[in-house]
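# A closer look at the structure
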Amino acid sequence: MSKALKLGLIGDNIARSRANVLHGLAGDQNGVAVTYDRLVPKMMEKDFDGVFDHCIATGFDGINVTYPYKEKAALRVTVDDPLVRAIGAVNTVIFHKDGPKGFNTDHSGFMAAYRSVRQEQPTGPVLMIGTGGVGKAVAFGLAGLGTRTLRLVDRDVAKAEALAAALSAVAPDMDISIWISAEKAAEGCAGLINCTPVGMVGYEGTPLDPAAMAGAEWAFDAVYTPVDTQFLQDAQAAGLSIISGWELFFYQGVHAWTLFSGLSLDEAQLRSSLQQEVAPA
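Let us look at the structure shown here. Keep in mind that this is a model prediction, so the values were computed, not measured.

We now examine unusual backbone geometry. Here Tyr 67 and Pro 68 are connected by a cis peptide whose omega angle stands at 5 degrees. Within the secondary structure layout, Pro 68 lies in the loop between strand S3 (62-65) and helix H3 (70-74). In the segment running from Thr 225 into Pro 226, the intervening peptide bond is cis, with an omega of 5 degrees. Inspection of the secondary structure assignment puts Pro 226 in the loop between strand S10 (218-221) and helix H9 (230-237). For Glu 45, which is not glycine, the phi torsion reads 55 degrees and is therefore positive. Looking at the secondary structure, you find Glu 45 in the loop between strand S2 (32-39) and helix H2 (48-57). Not every positive phi belongs to a glycine, and Gln 119 is a case in point at roughly 50 degrees.

Scanning the entire structure with this criterion turns up nine aromatic pairs. Taken together, a centroid distance of 5.5 Å and an interplanar angle of 20 degrees make the contact between Phe 48 and Tyr 69 stacked. Highlighted residues: Phe 48 in helix H2 and Tyr 69 in the loop between S3 and H3, separated in sequence by 21 residues. Judged by its relative accessible area of 3%, Phe 48 falls in the buried class.

Attention now moves to the packing of helix H1 (residues 19-30) against helix H10 (residues 245-261). Between H1 and H10, whose axes approach to 10 Å, the crossing angle comes to 50 degrees. When the axis of H1 is compared with that of H10, the two are oblique. Along this stretch, H1 crosses H10, giving a crossing that reads as right-handed. Between H1, through Ala 19, Leu 22, His 23, Ala 26, Gly 27 and Asn 30, and H10, the contact on the second element is made entirely by Phe 249, Phe 250, Gly 253, Val 254, Ala 256, Trp 257 and Phe 260. Per-class residue counts for the contact of H1 with H10 are nine nonpolar, four polar and no charged.

Here we come to the nonpolar core. Core analysis: the largest hydrophobic core is formed by 55 residues, its most contacted members being Met 128, Val 138, Leu 150, Ile 193, Phe 220 and Leu 274. It is H10 that provides the largest number of residues to this core, a total of nine residues. If we ignore the near neighbours within four places in the chain, the residues touching Met 128 are Gly 135, Val 138, Ala 139, Leu 150, Arg 151, Leu 152, Val 153, Leu 163, Ile 193 and Cys 195. Core analysis: the second largest hydrophobic core is formed by 18 residues, Val 51, Val 84, Val 93 and Phe 95 among them.

About the cut-offs
- Residues numbered from 1 in each chain as written.
- Predicted model: local features only at pLDDT ≥ 70, side-chain atom pairs only at ≥ 80, totals over all residues.
- Heavy atoms only, no water.
- Helix = DSSP H or I, 4+ residues; strand = E, 2+ residues; numbered from the N terminus.
- Phe/Tyr/Trp six-rings, centres within 6.5 Å; stacked < 30°, edge-to-face > 60°.
- Buried < 20%, exposed > 50% of the residue type's maximum accessible area, 1.4 Å probe, protein only.
- Axes fitted to C-alpha atoms, helices over the stretch in contact; angles between N-to-C directions.
- Parallel < 35°, antiparallel > 145°, perpendicular 65-115°, else oblique.
- Left-handed = near helix turned anticlockwise from the far one by under 90°.
- Contact = heavy atoms within 4.5 Å.
- Nonpolar A, V, L, I, M, F, W, Y, C, P; charged D, E, K, R; others polar.
- Core = buried A, V, L, I, M, F, W, Y, C linked by side-chain atoms within 4.5 Å.

Structure below.
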């Protein structure tokens, strides 16, 4: 192998993440030796900033960032893309000699995941539950897909209001509203989205009563461990088209790899190899 990359993932509850497998396979395709460490602040007895500083001090080439640190990461990097600055969350960092640069491949990854399942079909009115780091990226992705009506639900209303304001600045024609009840907000929506950790391993459950899914067309869950969350099982039972968090995981990873390495990928081969992997390395 002619090149090496030292990468990692900062996040909580990431024992079942397969990001290391994805980037390892991407490296194999390109003759690049990849190390990819799981970096859990609590296990390292550090806070996020301490882990981030550790990555700089020990020569990491880049990192991915996941729940709940994407907004913290945005405060530690230079972001050149004005759209990513508006999102206010970063999931990919490259350590340059002139300082860390931040990117958001959740945004582009969600758009690619949606199109992989629904092609150019319009989203219709959308309910999105959860307005944290991944929710911000998905909301801006919805704007990119042409969504005209977006209903936001979050226990932290101030967080939803901040996202609505940021989104309105770049998508002034979008009708954005904030709701208390997810079930009420779901009425008349074509798309139903979960961007909370509910349904993740260790956070079992669903953020939406299954009865509220009747009449919708499609559902997306940002959670991908497990792939078949209760939210998506309920949506499938209600006859909705399903976009799994695995699709977002795949495409954000593909886009992150390009940023990390500057190299291309055979996406079909990578998808096939990933799906053959039974468990993370």
